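Chains, contacts and geometry: an overview
Single-letter residue listing:
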Amino acid sequence: MITVYNVFTDEKDVWTQDYKFARKLYNYWKKSRGAARLYKEVYENEEAMLNDEMLEEDCLLFFGPFPL
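Since the model is a prediction, treat every value here as computed from it, not as a measurement.

This part covers the overall build of the protein. In terms of regular secondary structure, the protein is built from two helices and four strands. Along the chain direction, N to C, the helices and strands of the protein fall in the order β-β-α-β-α-β. The C-alpha radius of gyration computed for the protein amounts to 12 Å, which stays within 12% of the reference 11 Å derived for 68 residues, consistent with globular compactness. Dimensions of the protein along its principal axes, counting C-alpha atoms only, are 35 × 25 × 15 Å. In the protein, which comprises 68 residues, the proportion classed as buried is 32%. By sequence separation, contacts in the protein at least 24 residues apart represent 50% of the contacts at least 6 residues apart. Just so you have it, the protein exposes about 4,700 Å², and 50% of that area is on carbon and sulfur atoms.

A few words now on the packing of aromatic side chains. The full count for this structure, using the stated rule, is three aromatic pairs. Ring centres of Y5 and Y19 lie 5.2 Å apart, and the angle between their planes is 65 degrees; this geometry places the pair in the edge-to-face category. A residue pair is termed long-range when its members are at least 10 positions apart, and Y5 in strand β1 (residues 2-9) and Y19 in helix α1 (residues 19-33) qualify at 14 residues. Assessed through its relative accessible area of 34%, Y19 is described here as partly exposed. Here the aromatic cluster, defined as three or more aromatic residues joined through ring pairs, consists of F8, Y39 and F66.

Rules of the game
Residues numbered from 1 in each chain as written. Predicted model: local features only at pLDDT ≥ 70, side-chain atom pairs only at ≥ 80, totals over all residues. Heavy atoms only, no water. Helix = DSSP H or I, 4+ residues; strand = E, 2+ residues; numbered from the N terminus. Rg over C-alpha atoms; globule rule 2.2 N^0.38 Å. Buried < 20%, exposed > 50% of the residue type's maximum accessible area, 1.4 Å probe, protein only. Contact = heavy atoms within 4.5 Å. Areas by Shrake-Rupley, 256 points an atom, 1.4 Å probe, with all protein chains shown as cover. Phe/Tyr/Trp six-rings, centres within 6.5 Å; stacked < 30°, edge-to-face > 60°.

The structure is reproduced here in structure tokens:
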């Protein structure tokens, strides 16, 4: 299983396996841009990840209006 964290805001999107980095980026964008989302995505393996075949997707944190 591969866990990836997706952090996004207006016109910016980052994926990382490092939760601490994802959380820091989320907090930064929350303060600087007024909107941010942090999602956890789970994939069976690398091939599934490359094909965007998620087993699980959860919104962990959100702030402000949904980013564009």
